[in-house]
Structures are given as structure tokens and as C-alpha cells.
Amino acid sequence: RGEVEGALLSFESLRSSFKTGARGITQPLLEECRVGFIRSLCRITREPEATHIYMSAKTDGAASNIDSPTRMMLAKVQADAGSLNHAWTTIEDMANMGNKPNESTIHLFLNACLAHSQPQHAQAVFQMIAAQGMSVSQATYALLIKLHGSCGQVEEALSVYKLMTVKQGIEPIADTQV
């Protein structure tokens, strides 16, 4: 734990030095360090610290410098940790920047929502899939239908089913029968 705390302090020192105009500390250097640090924190499953560094990028107006693979890695770690609001914010930020999250990220997020009995993000995920014209597997549709069903949202579950069968031409299987 002490090593991570030391690394956080070092990053904050670098960030502070950049803000005060220290010689040799450039925006590209800071952002490269930030991205590398977020990825390293994700690899060792330190979600709170990785989320903190990500949020500092948003505070600094530098969130656009974080690439999609880093955001997807962060969203997966956040979802695994049960930080579903943070994971959704990360996924939403990615979509707002014009990057589509991959299906693996969406699927893991929906699984975490189901595992933690938190269906509130199901409609937002569905709207993002529909708005961005994303093509997803039946397994992902099944998770969306289960999430809507778990909170009694029958009409929303039917909308997911309709998108799957009518608009994307996917034939239902046992998990996606409505």
C-alpha cells in the first residue's frame, strides 16, 4: 500500500509542477504519465486510485488525452469492483468522445449490474447501443433483458428484444425469448 501512496504523491507532485509552470514538465509528459499510471493501477486492481487519477484528468480538462483502451480497462476494473456509477461514467465519457466501448466492456458492465442487483443503468446502456448503432451478441441482449426484467421494466425489455430481432435481425435463443 505504501508504494501506491508514494506513486500517488509523486504523480500529484508532477501535476502540481506542471500547473506552476516548472521547466521541463510539459502537458504531453504529464498525460503520458497519467495514462501509464491509470493502466498500472488497473493491472493491480487498485480501482479507487485509478478512478481518482482519471477524475483528476477530467478536473484538469485533459480527459480527452486518455485513449479508449485505457478507458475500457478502467471501466472493467471499476465494474469488477462494484463501482458501477464510476464505470458507467467512464463508458459514457468514452461514447461522448466519439469512441464506442467494445462489447467485452459493455458485457462485463452489465454482468456487474446484474451481480450487484443494480439495474438502473440498463436503459442508458440500451440507448447508447441503439444511438451508436452498435452490434452486440445475443449474450449482451440477454443481459439487458434480464436487467430490465429484474426491476419489472417489461416495456423496456420488449424494446431490447425488438432491437435485437427486428432491427439487427438476430434470431432469439432460450436466453433472449420474451
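Procedures and definitions
Residues numbered from 1 in each chain as written. Predicted model: local features only at pLDDT ≥ 70, side-chain atom pairs only at ≥ 80, totals over all residues. Heavy atoms only, no water. Helix = DSSP H or I, 4+ residues; strand = E, 2+ residues; numbered from the N terminus. Buried < 20%, exposed > 50% of the residue type's maximum accessible area, 1.4 Å probe, protein only. Contact = heavy atoms within 4.5 Å. Areas by Shrake-Rupley, 256 points an atom, 1.4 Å probe, with all protein chains shown as cover. Lys, Arg positive; Asp, Glu negative; His and termini not counted. Charge placed at Lys NZ, Arg CZ, Asp CG, Glu CD. Expected span 1.5 Å × (residues − 1). Phe/Tyr/Trp six-rings, centres within 6.5 Å; stacked < 30°, edge-to-face > 60°. Axes fitted to C-alpha atoms, helices over the stretch in contact; angles between N-to-C directions. Parallel < 35°, antiparallel > 145°, perpendicular 65-115°, else oblique. Left-handed = near helix turned anticlockwise from the far one by under 90°. Nonpolar A, V, L, I, M, F, W, Y, C, P; charged D, E, K, R; others polar. Disulfide = S-S within 2.5 Å.

Participant: Even after reading the chapter, I still don't get the overall build of the chain, so can you show me in this structure?
Facilitator: Along the backbone of the chain there are nine helices and zero strands. Shown N-terminal to C-terminal, the secondary structure of the chain runs as helices and strands in the order α-α-α-α-α-α-α-α-α. C-alpha extents for the chain along the principal axes are approximately 60 × 30 × 20 Å. Considering the chain as a whole, with its 178 residues, one finds that 42% of them fall into the buried category. When contacts within the chain are restricted to residue pairs at least 6 apart in sequence, those whose partners lie at least 24 apart make up 63%. Carbon and sulfur atoms form 53% of the exposed surface of the chain, whose accessible area is close to 8800 Å². The chain carries 15 positive and 17 negative side-chain charges, and their two centres are separated by 5 Å.

Participant: In this structure, what is going on with helix α5 (residues 84–96)? I would like to understand it.
Facilitator: Taking 1.5 Å of rise per residue, the 13 residues of α5 would be expected to cover 18 Å, and the 18 Å separating its terminal C-alpha atoms lies within 8% of that figure. Residues of α5 that are buried make contact with α3 (47–59), α4 (68–80), α6 (103–115) and α7 (122–131). Following α5 by one or two positions, G98 adopts a phi angle in the positive range, close to 90°.

Participant: Help me understand the packing of aromatic side chains, please; the structure alone is not making it clear to me.
Facilitator: The relation between two aromatic rings is expressed through the spacing of the ring centres and the mutual angle of the planes. For the structure shown, the criterion picks out two aromatic pairs. On the basis of an interplanar angle of 45° and a centroid distance of 5.9 Å, the ring pair of F11 and F37 is categorised as tilted. Here F11 is found in helix α1 (residues 2–19), whereas its partner F37 is found in helix α2 (residues 27–43), with 26 residues between them in sequence. Here F11 and F37 have matching classes, each one buried.

Participant: Just to check I follow, could you spell out the packing of α6 against helix α8 (residues 138–150) for this structure?
Facilitator: Packed helix pairs are characterised by how far apart their axes lie and by the angle those axes make with each other. At their nearest, the axes of α6 and α8 sit 10 Å apart, and the two run at 30° to each other. One element, α6, and the other, α8, form an angle in the roughly parallel class. In this structure, α6 crosses over α8, and the sense of that crossing is left-handed. Across the interface between the two elements, E103, I106, H107, L110, N111, C113 and L114 from α6 touch A139, T140, L143, L144, K146 and L147 from α8. Broken down by class, the residue content of the contact of α6 with α8 amounts to eight nonpolar, three polar and two charged.

Participant: How should the state of the cysteines be read in this particular structure?
Facilitator: The bond known as a disulfide is covalent and runs between the sulfur atoms of two cysteines. Under the definition given, this model contains zero disulfides. Looking at the unpaired C42, the closest cysteine sulfur is the one in C33, lying at 16 Å. Overall, C42 belongs to the buried group, its relative accessible area being 5%.

Participant: What's the story with the environment of G149 in this structure? I'm lost.
Facilitator: Relative to the helices and strands, G149 resides in helix α8. Assessed through its relative accessible area of 46%, G149 is described here as partly exposed. Measuring from C-alpha to C-alpha, the distance between G149 and P119 comes to 9.0 Å, with 30 residues separating the pair along the chain.

Participant: Can you walk me through unusual backbone geometry in this structure?
Facilitator: Excluding glycine, a negative phi dihedral is what most residues carry, and trans is how most peptide bonds are arranged. Not every positive phi belongs to a glycine, and T45 is a case in point at roughly 50°. With respect to the helices and strands, the residue T45 is situated in the loop between α2 and α3. Look at T45 and you get exposed, because its relative accessible area is 59%. Of note, the phi angle at S117 is positive, near 50°, even though the residue is not glycine. Tracing the chain through its elements places S117 in the loop between α6 and α7.

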